[in-house]
Structure formats: C-alpha cells, structure tokens
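What follows is the residue order along each chain.
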Amino acid sequence: MDEFQQIYKINTKKSHSLYKKSSNIFPGGISHNIRFFNPYPFFVRKANGKIITDVDNNNYIDYWMGHWALILGHSPKIVSKALAKQVMNGTLYGTVNNLSLELGDIIHNLIPRAEMMRFASTGSEATMYAVRLARAKSGRKFIAKIIGGWHGFNSTLLETVNYPFSSAEGMGFNPDRNYIKSIPFNDLDASLKILNSIKDNLACLIIEPVLGGGGCIVPEKDYLQGLQEFAKKNGIILVLDEIVTGFRLSINGAYNMFKLEPNLITLGKIAGGGLPIGIVCGEKEILSLADPKNRSKEGYCSIGGGTFSANPVTMVSGIQTLTFLRKNKDQVYDKINNLGNFIRVELEKVFYEYNINAIITGIGSLFHIHFPNDNIIKIKNATEVALCDREKLKNFHFVLMAKYGIFFLPNKMGAISYVHNKQDLIKLIESTRSIIEYKLLQ
Ligand SMILES: Cc1ncc(COP(=O)(O)O)c(C=O)c1O
C-alpha cells in the first residue's frame, strides 16, 4: 500500500498543501467526518457529469456522487440552466413562495403518503423533526432504531452507529440517549423481543428500508412487514427514512416497492437535485401538529425548517430533477437498475474467479463490497459488515482512486447515476481484476 500512498502524494501535491491549511481551520480539515481519509482527501476543483477533477487536475469517475444524492450526475444541464436563471431572481426569499408549492405538489403526487410535509435544509433535521412529531403525537418517550442505522447528526439519533454499537458516539449528548433502543436489522424475533420490552412507551420506530451507510443491506423477506405489523398493533409510529432510497430505487419511493405504510417518511438528497434539503412528510394527522396557528393548543409540536428552508434555489433544482425523473422514469430507472445488477454480478464473478472471499450487496443502483473474514455467506446486518475486513476494502478503494482514477469514498457504498454507462463499469471490473492480479488486495 505504501507504493500507492506515494503515487497519491506525488499526484496530489496541491491538495496536500490545501489540506494542511484546512486542518488549521476545520477540526480534522473537513466539514463532514466521513470525508477524511488517509493520508488526506483530495480537494475538488470542479465536477461535471460523472467526473470530478481535483486541484492537481486528476480526474476520477465518481461513484460517491455527493453522498449518493446526484442521480443525474454532477451539474446536469436541465438543473444548472434553471439555477442560473433563478439566481438572478433571488436565492433566499425568507418567506413563502410558489416554487416550494410546486416542489411540494410534485412530491405529494409521487409519494401519496406524503399528505403533508415540512421542508428543511438537511436530512438530519428531517429525522430530528420526525421523532419529535412522533413523541408529540404519541405522548411516549422511547425511540427505536436499527443497529448501524444512520439518520444524520441530530443528537437524538446519533446512537449505535459505529461498531461495537455499545458506547456513546462521542461526548456532549443530552440525557435523551437513554430513551433510544436499537434493534438488529433482519432479525425479526430479536427485534420484536426488544421492541416488546418498551412497547407501551415507544413513540416510534425509525428505519431505513435498505440499510445505507450501515452497509447497503437489503431487508430480508417479511422483516419490514413484521416490524410494521408490530408497530400498527401497538400504536407505534413507523418512520421510514428514505433519505437515500427516496427517488433512488424508484420514482415512488421504497415504501411503495416494499409495500409499506409508514406514518412518517423522511426525504432528502435526490429531492433537492444537488442542493441542500431535508423533508419530513406523512400523515396529515401527525404533520398538522406542527401548524403554528395551533401554538397555544394542546399537542402542538414545534418543528423547524430553518433560515434556508424552502429557498428558491433548492426548490428549482428539486423541481427540475424530480420532473426529469418523472418524465423519464422508465428510461432512468431501467438504466441505473440494470447497471446496478450488472456490476453486482460481475464484481462477484471476478472475486470468485480469483478465489477471493467477497460479498457484493445492494439493490437497484446501489452497491457495496464486503470482504468477510470468516464463513459469513450473506451480509444481513451492520455487525456483520463491521466484522468484515474493512482495512482491505479501504485499501481497495484507495488503489482504485490513486491508480485507476475511480472514486469511492473509502469504505462507503457506491451509487450509479444516469450519466454512468456500461463502459465505466467495465473499467471498474477490469481495474478490480488488475488489482487482484497484482496481488494488491493482500
Ligand atoms: C438514511 C439517511 N438519513 C439521514 C441522513 C442525514 O442527511 P443529511 O446528511 O442531509 O443531514 C443521511 C445522510 O447520509 C442518510 O443516509
């Protein structure tokens, strides 16, 4: 690996010098924890389509795609043209506007369970508001989440994110943490046992339909339905966090695919078309608790949106993106889902051919590689992901980046966008083959 660290350092000298300055200003030199990787992250100069270019003029085919948000690639023309126009008409009205109504209408039509919604600027806010609404509606205190589930940096849900999933994710949390209970993904019996022990004081269960940051893991048959059944029976609000899967797996959301009926849904990423957004939406009966006209009434729940909520720039990029996806849904989703199937099958074949123990997980246009240490034959939950050889995966991603110009945020799942094509994936497969043949994975 030292050799590739050297190649990287030689090719990214300007990034190195910027990183040194950056470390004096930002803790760790970054503004999102996962954006740091050793020896230092490259600094991006521009991004277009599927390519990001760093300040040293290295090009990378991007599979990180802005935290998986950029389903149409970087700066698609339909979005950037509309944005240029909007910027001349104001970037932040700080009051209600037609554009938010337009985007709200589109979302409401695509996701009928989004009877009402509140726009915010990040997914972290959306999930924070979702659990607050659930507590307000139910009058209960406990929140259940999945071990390894990621719902953003809000204090309430920053629990059981990192292996071994038992200690606090850091200092500075409020006592609220005692009211968070975590359950193992894809183990219905164990999950129900835990939920049962707190069911009378359980406000909501928040769950990603496909475990994203936790390892790109698909739910096993009947797991989500089993949880939903339990929630319904016990008056527990089901919050489906579709911040990754919303408009990614299908135009109508994963809840539709998995035949779920969540009471609340959180959306983000793709919905903002590459600009900041978070949305909490769902049943009118719950969302209307946030109506500020009822501030003095019992049951009122104060949630935000924030200074930049529903800003016209995000609204325009969201409208353009979702309108494109809606109009071209067969073409877009057929393409990216087929490419996703192709890469999962072909990567598995390459590793198998060379007798390397690897498991490829994912669904639709999302995929992830795991190198199990023992006899795991299927990855079912975040603990199994954590027990895989994470160092090997990090090194694999690093070599792809440093030698082959293919970018995954080290250790993170990849996302295929509409701008990727089969040739890009063949390049990824061939690069993987070379990495194995040169014995760089040992
Ligand atoms: C499932 C899920 N929920 C919530 C969030 C938080 O969204 P944001 O980073 O916009 O705050 C993320 C971010 O990756 C996510 O993957």
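Here the residue numbering is sequential within each chain, running from 1 through the sequence in written order. In keeping with the predicted nature of the model, local features appear solely for residues at pLDDT of at least 70, side-chain atom pairs appear and are counted solely at 80 or more, and the whole-chain, interface and lining totals rest on all residues. Hydrogens are left out, water is left out, and the side-chain values use all remaining heavy atoms of the structure.

J.: What am I meant to see in the overall build of the protein here?
T.: To qualify as a helix, a DSSP run of H or I must reach at least 4 residues; to qualify as a strand, a run of E must reach at least 2; elements of each kind are numbered from the N terminus. Looking only at helices and strands, one finds 15 helices and 14 strands in the protein. Atoms counted for the radius of gyration: C-alpha only. Globule rule: 2.2 Å times the number of residues to the power 0.38. For a compact globule of 442 residues, the expected C-alpha radius of gyration is about 22 Å, and the protein comes in at 22 Å, within 12% of that figure. C-alpha atoms of the protein, sized along the principal axes, occupy 65 × 55 × 45 Å. Among the 442 residues that make up the protein, the fraction classed as buried is 56%. In what follows, a contact means two residues having at least one pair of non-hydrogen atoms within 4.5 Å. Sequence-distant contacts in the protein: of pairs separated by 6 or more residues, those separated by 24 or more amount to 70%. Under the convention used here, a 1.4 Å probe and the Shrake-Rupley method define accessible areas, while residue burial counts only the protein chains that appear. Only carbon and sulfur atoms are counted for the fraction: they give 51% of the accessible area of the protein, which is about 19,800 Å². Positive: Lys, Arg. Negative: Asp, Glu. His and the chain ends are not part of the count. Throughout, a charge is located at the NZ atom of Lys, the CZ atom of Arg, the CG atom of Asp or the CD atom of Glu. On the protein, the mean spot of the 51 positive side-chain charges and the mean spot of the 38 negative ones are 5 Å from each other. Each residue is assigned to one of three classes by its accessible area relative to the maximum for its type, calculated with a 1.4 Å probe on protein chains only: buried under 20%, partly exposed between the two thresholds, exposed over 50%.

J.: Is there a simple way to think about the site of the ligand in this case?
T.: Lining the immediate environment of the ligand, one finds Thr122, Gly123, Ser124, Trp150, His151, Gly152, Glu208, Asp241, Ile243, Val244 and Lys269. Between N or O atoms, a polar contact is any pair within 3.5 Å; within protein, one atom must be a potential hydrogen donor and the other a potential acceptor, and residues adjacent in sequence are included only when both atoms are from side chains. In the model, a nitrogen atom of the ligand is placed 3.4 Å from a nitrogen or oxygen of the Trp150 main chain. Between the ligand and Lys269, the relevant distance is 2.7 Å, taken from an oxygen atom to a side-chain nitrogen or oxygen of the residue. When the ligand sits alone it has 390 Å² of accessible area, and the protein chains cover 88% of it. Under the scheme applied, nonpolar residues are Ala, Val, Leu, Ile, Met, Phe, Trp, Tyr, Cys and Pro; charged residues are Asp, Glu, Lys and Arg; polar residues are all the others, including Gly. A per-class count over the shell around the ligand returns three nonpolar, five polar and three charged. Whether a residue is near a molecule or strand depends on its heavy atoms: if one lies within 4 Å, it is near.

J.: I tried to follow the side chain of Thr321 on my own but got confused; where do I start?
T.: Checked against the element boundaries, Thr321 lands in helix 11 (residues 312-327). Sequence-distant contacts of Thr321, that is, excluding residues within four places in its chain, are made with Ile71, Leu72, Val79, Ile270 and Gly273.

J.: I keep staring at helix 2 (residues 13-25) and nothing clicks. Help me out?
T.: Because an α-helix packs 3.6 residues into every turn, residues spaced three or four apart end up facing the same way. Here a helix's expected span is defined as the number of its residues, less one, multiplied by 1.5 Å. Between its first and last C-alpha atoms helix 2 spans 19 Å; for 13 residues at 1.5 Å apiece the expected length is 18 Å, and the two agree. Within the sequence span of helix 2, burial applies to Ser15, Tyr19 and Ser22. For helix 2, the buried positions fall inside an angular range of 65 degrees around the axis, keeping them on one side. The exposed set on the far side of helix 2, more than 90 degrees from its buried face, consists of Lys13, Lys14, Lys20, Lys21 and Asn24. Note that the arc is defined by the directions from the helix axis to the C-beta atoms.

J.: I'm lost on unusual backbone geometry in this one. Help?
T.: Leaving glycine out, the prevailing phi sign among residues is negative, and the prevailing peptide bond configuration is trans. A cis amide bond links Asn38 to the next residue, Pro39, at an omega of -5 degrees. Looking at where Pro39 falls in the secondary structure, it is placed in the loop between helix 2 and strand 1 (44-48). Cis geometry is adopted by the peptide bond preceding Pro164, which originates at Tyr163 and carries an omega value of 5 degrees. Mapped onto the fold, Pro164 is located in the loop between strand 5 (142-146) and strand 6 (180-183). Within the chain, Asn57 stands out as a residue other than glycine whose phi angle is a positive 70 degrees. With phi around 35 degrees, Lys269 is a residue other than glycine that occupies positive phi space.

J.: So what exactly am I meant to see when it comes to the state of the cysteines here?
T.: Working definition of a disulfide: a covalent bond connecting the sulfur atoms of two cysteines. Whenever a pair of cysteine sulfur atoms sits within 2.5 Å, that pair is classed as a disulfide. Taken as a whole and judged by the stated rule, the model has zero disulfides. There is no disulfide at Cys281, and the cysteine sulfur nearest it, in Cys204, is 14 Å away. With no disulfide partner, Cys388 has as its closest neighbouring cysteine sulfur the one in Cys216, 13 Å distant.

J.: Got a minute to help me understand the sheet that holds strand 3 (residues 59-62) in this structure?
T.: Strand pairing within a sheet occurs via backbone hydrogen bonds; the two strands may be parallel or antiparallel. Across the sheet, four strands lie side by side as 1-2-3-13; this open sheet has mixed pairing. Each edge of the open sheet is held by one strand with a lone partner, namely strand 1 and strand 13 (406-407). Here, strands pair whenever DSSP counts at least two bridges between them.

J.: I tried to follow the packing of helix 5 (residues 98-110) against helix 11 on my own but got confused; where do I start?
T.: When two helices pack together, their arrangement is given by the angle between their axes and by how far apart the axes lie. To define axes, lines are fitted to C-alpha atoms, for helices over the stretch in contact only, and angles between the resulting N-to-C directions are given on a 0 to 180 degree scale. Put simply, helix 5 and helix 11 touch, their axes get as near as 9 Å, and they point 35 degrees apart. In the crossing of helix 5 with helix 11, the sense of the turn from one axis to the other is left-handed. Counting all contacts with helix 5, which are made through Leu99, Ser100, Glu102, Leu103, Ile106, Ile107 and Leu110, the residues of helix 11 involved are Pro312, Met315, Val316, Gly318, Ile319, Leu322, Thr323 and Arg326. Grouping the amino acids of the contact of helix 5 with helix 11 by side-chain chemistry returns 10 nonpolar, three polar and two charged. Helix crossings are classified by the rotation of the near helix relative to the far one: an anticlockwise turn of less than a right angle makes the crossing left-handed, while a clockwise turn makes it right-handed.

J.: Honestly, the sheet that holds strand 7 (residues 202-207) in this entry has me stumped. Any pointers?
T.: Taken together, the seven strands give an open sheet; going across it, the order is 4-10-9-8-7-5-6, and neighbouring strands pair in mixed fashion. Looking at which strands have only one partner, the edges of the open sheet turn out to be strand 4 (116-120) and strand 6. The sheet shows a mean angle of 20 degrees between the axes of neighbouring strands, direction not considered. Where strand 4 and strand 10 (residues 278-282) come together, five bridges link them in antiparallel fashion. Bridging across to strand 10, Arg118 finds its partner in Val280. Along the sheet, helix 6 (residues 123-138) contacts strand 4, strand 5, strand 6, strand 7, strand 8 (237-241), strand 9 (264-268) and strand 10; its crossing angle with strand 10, the most-contacted strand, is approximately 30 degrees. Sheet strands in contact with helix 7 (residues 188-198) are strand 5, strand 6 and strand 7, and its direction is about 160 degrees off that of strand 6.

J.: I'm lost on the environment of Asn174 in this one. Help?
T.: Secondary-structure assignment places Asn174 in the loop between strand 5 and strand 6. Residues Asn174 and Thr91, spaced 83 residues apart in sequence, show a C-alpha to C-alpha distance of 35 Å.

J.: I tried to follow the packing of helix 7 against helix 8 (residues 223-233) on my own but got confused; where do I start?
T.: The contact between helix 7 and helix 8 brings their axes to 10 Å, and the two run at 20 degrees. In terms of their interaxial angle, helix 7 and helix 8 are classed as roughly parallel. Note that helix 7 runs across helix 8; the crossing there is right-handed. For the pair helix 7 and helix 8, contact is made by Leu188, Ser191, Leu192, Leu195 and Asn196 and by Tyr223, Gly226, Leu227 and Phe230, respectively. Across the contact of helix 7 with helix 8, the residue classes tally to six nonpolar, three polar and no charged. Throughout, the term roughly parallel applies to angles under 35 degrees, roughly antiparallel to angles over 145, roughly perpendicular to angles from 65 to 115, and oblique to all others.

So, to be careful, I would describe these as geometric facts and stop short of saying anything about function.
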